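Residues per chain, in single letters:
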Amino acid sequence: MCADVRQVTVSALHTMRAVYLLLCVALAHHAAASIFRHQLRPRTDSLVIQPLDYVDQHHAKEMKIRLRRPDSSEESKERIYDDLSDYATLRSGRNWNSPLFSVLAQGEAIPYGDVIEWHGVEIATGPKSPVNNKKDIERIFNHAYKVMKHMTEEDKKKIHEAFATTALAANEDVHLNATQLIKKHGYGVEEHVVKTDDGYLLTLFRIQPRQALVEDQRPVVFLMHGFLGSADEWLLSGPEKSLAYLLTEAGYDVWLGNVRGTKYSRRHVSKHASHPDFWHFSIDEIALHDLPAMIDHTLKTSGQKKLHYVGYSQGSTVFFAWAATVPETGDKILSMHALAPMVYMTNVRSPPMRMIAPGSHFYERIIEELGDGEYKPSKELVHTIGGSMCEKVIGCEHICSNENFVTAGPDTAGMDADVIPVIVSHLPAGASARQVKQFGQGVSSQEFRKYDYGVDINKMVYGHPQPPAYNMTEVKVPVTLYYSEEDWLVHPKDVERLQKELPDVRGTYKVSEKHFSHMDFQFSNKAPEVVYKKLVESLQTTKPLSL
Ligand SMILES: *[C@@H]1O[C@H](CO)[C@@H](O)[C@H](O)[C@H]1NC(C)=O
Ligand SMILES: *[C@@H]1O[C@H](CO)[C@@H](O)[C@H](O)[C@H]1NC(C)=O
């Protein structure tokens, strides 16, 4: 009896152990699969799988084409071609009967056609290529190119010098996070973590003045960063020039937000940022979950009833989406200041935004490349969507491989040389693929609408084949708009339309500087004079209609 029981127990234990082991293996497998799943998309530096059939001539010299010969004679089982004349024949695609080409045609590689070159943009016309002629490239890049052409030799030299090793070594800001930057300049800082109603954990920074205050009832200004940015961008130009410090000195209680997915807000109660699930959000979720959570926390902690909101770039986009959807927004906002507001995208000049617009020649290929997780374009893709044109004009690898500069324009004329490497080291700060897709959808639809999932899913989510538009007439908040003539992402015509639709616009300022880019709103050394001065004046005078 006893022995039997023991035996049963032992064998039960064995079974349990086996089950447990299996479970562990399965779990580990699942974890590995889910953590790395999004990295399994084909991505390689070799010629065989290139985004957009793009042949990167810049790196062609280092590139070796590995080919396996069908006849398996010993010496030619594997042969490495690094002879550039073979490479050229291959690329030209003219020599269809060459032994080299017939090897390729047997399925090892995609045959590439002629390379079309347009101001540094080089795209091959292969069977999978989205382009047929120069016009296809020109349509995407021409307006951005025109705006970029004015860069002087002096500007370009400045950029090169900014990345000289000695300049970099001297600049510790390259390595500092927001808290460290703020402290370095003698200000205090509070870090707050806020949980959204859908489980994301967002970090807010609150700056404390250098001098202790007798009573702390300063009016609150909430600063919301742009697309591919974070709270850092309000700080990088230092206390003399960055808006966060200038507002603190002007007597405001300054708070800096960080939306989900950015470097300070990559946590969730149950989802991990290495998993695509974490990234299934668009501008809509940021507007309807992140903003209310951050604004409510700021009001509660500061003991204020209302605050001033300053939104740069996407920071304005999300505000207008929120305010158009939730009428109570007006009860919390004293005034809204939109710096370079990305709302209507119809006339956008930025090549990546044009390429990712549904209906563009490049759309299918780019969508496939981006996936549905974190927005993390490969090196090759960044090169293709504007990096190569940037290098042709400026010749600076550091700026031209940076997504922010490639997307918003690499014009750094207004920036101090020492701040440029600091920008490149802090940006991009993280975003989802859906965010950039939603901006692209706005280019095609010419409307500011919710995320477009495609007809079938739209019907389930919105009850309609098309996503609903955000109605700007519903934004019952005093708004001041700031924009510039040459902004790649925000065209003056699109700001004009926004201004007409908003019911309570208190001022519209076009920056007087001739060449003022999207990123200049944060980083130009002229920004304090041509933008922030107006902004502070406007903060002091804007009163809600009801007061
Ligand atoms: C900034 O860096 C310091 C030092 O590494 C660290 O203690 C702090 O938690 C960081 N803050 C944030 C918000 O990442
Ligand atoms: C937007 O809102 C305004 C005022 O609330 C309303 O009159 C108008 O019909 C709305 N527009 C659309 C397209 O729904």
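Just above sits the structure.
Because the structure is predicted, anything quoted here is derived from the model rather than measured.

Chemist: Which parts of the structure should I look at to understand the overall build of the protein chain?
Modeler: What the protein chain contains, in helices and strands, is 21 helices and 13 strands. Once local pairs closer than 6 in sequence are excluded, the contacts in the protein chain between residues at least 24 apart make up 71%. Counting every atom, the protein chain has about 24700 Å² of accessible surface; 53% of that belongs to carbon and sulfur.

Chemist: Help me understand the site of ligand 1, please; the structure alone is not making it clear to me.
Modeler: Near ligand 1 you find N177, T179, Q180, E191, F205 and Y264, and these make up its full shell. Between ligand 1 and N177, the relevant distance is 2.3 Å, taken from an oxygen atom to a side-chain nitrogen or oxygen of the residue. E191 is positioned such that a nitrogen or oxygen atom in its side chain is 3.2 Å from a nitrogen atom of ligand 1. Relative to its unbound accessible area of 360 Å², ligand 1 is 46% covered by the protein chains.

Chemist: Could you clarify how one ought to interpret the nonpolar core in this entry?
Modeler: In summary, soluble globular proteins display a tendency toward joint burial of nonpolar side chains. Within the largest apolar cluster, 141 residues are counted, with the highest numbers of intra-cluster contacts made by L223, L256, Y309, F319, F320 and M472. In terms of residue count, helix α9 (residues 283-302) provides more of this core than any other element does, 8 residues in total. Among all residues touching L223, those that are not within four sequence positions of it are W234, L243, A244, L247, V254, W255, L256, G257 and V310.

Chemist: For this particular structure, what's the right way to read the site of ligand 2?
Modeler: The full set of residues close to ligand 2 is N471, T473 and E474. In the model, an oxygen atom of ligand 2 is placed 2.8 Å from a nitrogen or oxygen of the E474 side chain. Here ligand 2, which alone exposes 360 Å², has 29% of that area covered by the protein.

Chemist: Whenever I open this one, the state of the cysteines confuses me. Can you help?
Modeler: What makes a disulfide is a covalent bond joining the sulfur atoms belonging to two cysteines. Summed over all chains, the structure comprises 1 disulfide. With a sulfur-sulfur separation of 2.0 Å, C390 is cross-linked through a disulfide to C400. Between C390 and C400, the S-S dihedral sits near -70°, and the bridge is therefore left-handed. Residue C390 is found in helix α13 (residues 379-393), and its partner C400 is found in helix α14 (residues 397-400); the two are separated by 10 residues along the sequence. Taking relative accessible area as the criterion, C400 reaches 1% and is therefore assigned buried. The thiol of C396 is unpaired, and the distance to the nearest cysteine sulfur, on C400, comes to 5.9 Å. By relative accessible area, which is 2% here, C396 ends up buried.

Chemist: Can you walk me through helix α21 (residues 527-541) in this structure?
Modeler: Each full turn of the α-helix corresponds to 3.6 residues, which orients residues three or four apart in the same direction. For α21, spanning 15 residues, the distance from its first C-alpha to its last is 20 Å, which sits close to the expected 21 Å at 1.5 Å a residue. Largest kink in α21: about 25°, centred on K533. Among all positions of α21, only A527, P528, V530, V531, Y532, L535, V536, S538 and L539 are buried. Buried residues belonging to α21 abut β7 (220-224), α8 (243-249), β10 (307-312), β11 (333-339), β12 (479-483) and α20 (520-523).

Chemist: Where do I start with empty space enclosed by the protein in this structure?
Modeler: Following the criterion strictly, the structure yields 6 cavities of 30 Å³ or more and no others. Taken as a whole, the largest cavity encloses approximately 120 Å³ of empty space. Looking at the lining of the largest cavity element by element, the count peaks at 3 residues for helix α15 (residues 403-408). Partitioned by chemical class, the residues of the lining of the largest cavity number 8 nonpolar, 5 polar and 1 charged.

Chemist: I keep staring at unusual backbone geometry and nothing clicks. Help me out?
Modeler: Backbone geometry follows two general trends: most residues other than glycine have a negative phi, and most peptide bonds adopt the trans configuration. L427 connects to P428 through a cis peptide bond whose omega is 0°. Following the sequence through the fold, P428 ends up in the loop between α16 (420-426) and α17 (433-445).

Chemist: Looking at this model, I keep getting lost on the pairing of β11. Mind explaining?
Modeler: On any regular strand, side chains alternate: one points to one face of the sheet, the next to the other face. Within β11, 7 of the 7 residues are buried, which leaves the element mostly enclosed by the surrounding structure. Taken together, the 6 bridges between β10 and β11 define a ladder with parallel strand orientation. Considered in β11, the bridge of G311 is made with A338. With respect to chirality, the unit in which β10 leads through helix α10 (residues 314-325) into the neighbouring parallel β11 is right-handed.

Definitions and cut-offs
- Residues numbered from 1 in each chain as written.
- Chains lettered and ligands numbered in written order.
- Predicted model: local features only at pLDDT ≥ 70, side-chain atom pairs only at ≥ 80, totals over all residues.
- Heavy atoms only, no water.
- Helix = DSSP H or I, 4+ residues; strand = E, 2+ residues; numbered from the N terminus.
- Contact = heavy atoms within 4.5 Å.
- Areas by Shrake-Rupley, 256 points an atom, 1.4 Å probe, with all protein chains shown as cover.
- Near = heavy atom within 4 Å.
- Polar contact = N/O pair within 3.5 Å; in protein donor to acceptor, adjacent residues only side chain to side chain.
- Core = buried A, V, L, I, M, F, W, Y, C linked by side-chain atoms within 4.5 Å.
- Buried < 20%, exposed > 50% of the residue type's maximum accessible area, 1.4 Å probe, protein only.
- Disulfide = S-S within 2.5 Å.
- Expected span 1.5 Å × (residues − 1).
- Bend = angle between axes of the 7 residues up to and from the residue.
- 1 Å grid on protein atoms, 1.4 Å probe; cavity = no way out; pocket = protein on both sides within 12 Å on 5 of 7 lines; lining within 4 Å.
- Points joined across faces, edges and corners; volume = space filled by probe spheres on them.
- Nonpolar A, V, L, I, M, F, W, Y, C, P; charged D, E, K, R; others polar.
- Pairing = 2+ DSSP bridges.
- Right-handed = clockwise from strand over helix to strand, strands pointing away.

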